[in-house]
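Summary of structural features
For reference, the chains in residue letters:
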Amino acid sequence: MLIFNRKRNDIEKTKAILDGFREREKTAIWSGAIVVSFDQEPISSGGLPWRLINLLLKVTPPQGKHFVAKTTWKVQETSIALLQPGNEISVKIDASDPNVIYPNIQGAEYMPQ
């Protein structure tokens, strides 16, 4: 029973963290980025095939100089083609932490590192 309770607590903590980032995403700043590189690993979520993608992006905020950011997203396999190096994509920059970059593509979610 102790293992079950510990596992449930871990799941609840993870859900709370993800919910916090989803709330912060609502106030994030729209921006553009160019995919510099990425690596991926397969995962399963809700019985669907997803990929955990670690991206290196050259982000260009609406005002200011571009910067390089690392981010991790959970991406549906059908959306991976959008993330090829050299592609320009739409992203959102977290208003309180510019190192947090949210995806603005269908079938992708930010994953805290």
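Residues numbered from 1 in each chain as written. Predicted model: local features only at pLDDT ≥ 70, side-chain atom pairs only at ≥ 80, totals over all residues. Heavy atoms only, no water.

Before going further, it helps to examine the nonpolar core. In this structure, Leu-57, Val-59, Trp-73, Leu-83, Ile-89, Val-91 and Ile-101 are the most contacted members of the largest nonpolar core, which totals 21 residues. A total of four residues in this core trace back to one element, the largest contributor, which is strand S2 (residues 48-60). If we skip the residues at most four places from it in the chain, Val-91 touches Ile-29, Trp-30, Ser-31, Gly-32, Ala-33, Leu-57, Val-59, Trp-73, Ile-101, Tyr-102 and Asn-104. (Core = buried A, V, L, I, M, F, W, Y, C linked by side-chain atoms within 4.5 Å. Buried < 20%, exposed > 50% of the residue type's maximum accessible area, 1.4 Å probe, protein only. Helix = DSSP H or I, 4+ residues; strand = E, 2+ residues; numbered from the N terminus. Contact = heavy atoms within 4.5 Å.)

Take the environment of Ser-37 next. Within the secondary structure, Ser-37 sits in strand S1 (residues 29-45). On the basis of relative accessible area, Ser-37 is assigned to the partly exposed category, the value being 31%. Sequence separation of Ser-37 and Leu-55 is 18 residues, and the distance between their C-alpha atoms is 5.9 Å. Discounting chain neighbours no more than four positions away, the residues touching Ser-37 are Asn-54, Leu-55, Leu-56 and Pro-85.

Within the secondary structure, Thr-72 is located in strand S3 (residues 67-76). In this structure Thr-72 comes out as buried when scored by relative accessible area, which is 8%. A distance of 2.8 Å separates the side chain of Thr-72 from the side chain of Asn-54, its partner in a polar contact. Once you skip the residues sitting within four places of it in the chain, Thr-72 turns out to touch Leu-52, Ile-53, Asn-54, Glu-109, Tyr-110, Met-111 and Gln-113. (Polar contact = N/O pair within 3.5 Å; in protein donor to acceptor, adjacent residues only side chain to side chain.)

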